[in-house]
Amino acid sequence: KQEVTQIPAALSVPEGENLVLNCSFTDSAIYNLQWFRQDPGKGLTSLLLIQSSQREQTSGRLNASLDKSSGRSTLYIAASQPGDSATYLCAVNQGAQKLVFGQGTRLTINP
Amino acid sequence: DTAVSQTPKYLVTQMGNDKSIKCEQNLGHDTMYWYKQDSKKFLKIMFSYNNKELIINETVPNRFSPKSPDKAHLNLHINSLELGDSAVYFCASSHGTRGPLEETQYFGPGTRLLVL
């Protein structure tokens, strides 16, 4: 049974810092991995999707990496801003579009 | 224009009642999903439909019945509501399976259900 773990559960950093969020999964047989952002009381917004054959994806200040064999992914956020404060969720696609989510990392960027 | 919309946004009801949550997507996607996010914030898939056909049905009590009148809509009907059904329910959609490449899922804003 696939299990997805995100560390840390919460993170608070000053504005401007670079930071890394971690995601690990127990079963490396995945189709892709996605990072989402969830704002309080709102739905999820997809940030990046990495196919199983890829090593990383970049979008603006965000960079996600994937090491499928070791069951790890990281989300790197450069030059953090207060608007980046949210919960970040990692999800692996087991096939047939079935996503298994981690519990999320609650990120706070302090001005 | 809202890509994936859900109604209602909030739902407060008594135990034992029957309720429905509606979901609509205007993205032209073939596949739609229902997820449940519990009090510990874990998101778990409940169902998925592709072109009105049930694809995924996780271990969900049969009090929960999805209904897809067309591929743009996937409604969730819940019978005999229980206290443990209190959660946030999210609808999502995607283009659907395309060979080995899967597509990003787009989520609705969620329906916050509270059973008293």
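Structure shown above.
Residues numbered from 1 in each chain as written. Chains lettered and ligands numbered in written order. Predicted model: local features only at pLDDT ≥ 70, side-chain atom pairs only at ≥ 80, totals over all residues. Heavy atoms only, no water.

## Remarks on the overall build of chain A
Item 1. Tallying secondary structure elements over chain A gives zero helices and 11 strands in all.
Item 2. For chain A, the C-alpha radius of gyration of 13 Å lies close to 13 Å, the compact-globule estimate for 111 residues.
Item 3. Here the C-alpha coordinates of chain A stretch approximately 40 × 25 × 20 Å along the principal axes.
Item 4. For chain A, with 111 residues in total, the buried portion stands at 45%.
Item 5. Within chain A, counting contacts between residues at least 6 apart in sequence, those at least 24 apart form 53% of the total.
Item 6. When the accessible surface of chain A is totalled, it reaches about 5,000 Å², and 47% of it is carbon and sulfur.
Item 7. Taken together, the 9 basic and 8 acidic charged side chains of chain A have centroids lying 6 Å from each other. (Helix = DSSP H or I, 4+ residues; strand = E, 2+ residues; numbered from the N terminus. Rg over C-alpha atoms; globule rule 2.2 N^0.38 Å. Buried < 20%, exposed > 50% of the residue type's maximum accessible area, 1.4 Å probe, protein only. Contact = heavy atoms within 4.5 Å. Areas by Shrake-Rupley, 256 points an atom, 1.4 Å probe, with all protein chains shown as cover. Lys, Arg positive; Asp, Glu negative; His and termini not counted. Charge placed at Lys NZ, Arg CZ, Asp CG, Glu CD.)

## Some thoughts on unusual backbone geometry
Item 1. The omega torsion of the bond from Ile7 of chain A to Pro8 of chain A falls at 0°, within 30 degrees of zero and hence cis.
Item 2. Mapped onto the elements, Pro8 of chain A comes out in the loop between strand E1 (4-7) and strand E2 (10-14).
Item 3. A cis amide bond, omega -5°, links Thr7 of chain B with the succeeding residue Pro8 of chain B.
Item 4. If you trace the backbone, Pro8 of chain B turns up in the loop between strand E1 (4-7) and strand E2 (10-13).
Item 5. One non-glycine residue, Ala79 of chain A, lies in the positive phi region at around 45°.
Item 6. Mapped onto the secondary structure, Ala79 of chain A falls in the loop between strand E8 (72-77) and strand E9 (86-93).
Item 7. By relative accessible area, which is 37% here, Ala79 of chain A ends up partly exposed.
Item 8. Positioned with a positive phi, Ser80 of chain B is a non-glycine residue whose angle comes to about 45°.
Item 9. Secondary-structure assignment places Ser80 of chain B in the loop between strand E8 (73-78) and strand E9 (87-94).
Item 10. By relative accessible area, which is 37% here, Ser80 of chain B ends up partly exposed.

## Re the interface of chain B and chain A
Accessible area lost during the coming together of the parts is what is often quoted as the interface size.
Item 1. With 24 residues of chain B in contact, the opposing surface of chain A contributes 22 residues.
Item 2. For the pair chain B and chain A, the two sides together bury roughly 1,900 Å², of which 52% comes from carbon and sulfur.
Item 3. On inspection of chain B and its partner chain A, the count reaches one residue pair in polar contact (both at pLDDT 80 or more).
Item 4. Residue assignment for the side of chain B that touches chain A shows that the elements contributing at least two residues are strand E4 (31-37), strand E5 (43-50) and E9 of chain B.
Item 5. The element contributing the most residues to the side of chain B that touches chain A is E4 of chain B, with three residues.
Item 6. Tallied by class, the residues present in the side of chain B that touches chain A amount to 11 nonpolar, seven polar and six charged. (Buried area = accessible area lost by both parts, 1.4 Å probe. Polar contact = N/O pair within 3.5 Å; in protein donor to acceptor, adjacent residues only side chain to side chain. Nonpolar A, V, L, I, M, F, W, Y, C, P; charged D, E, K, R; others polar.)

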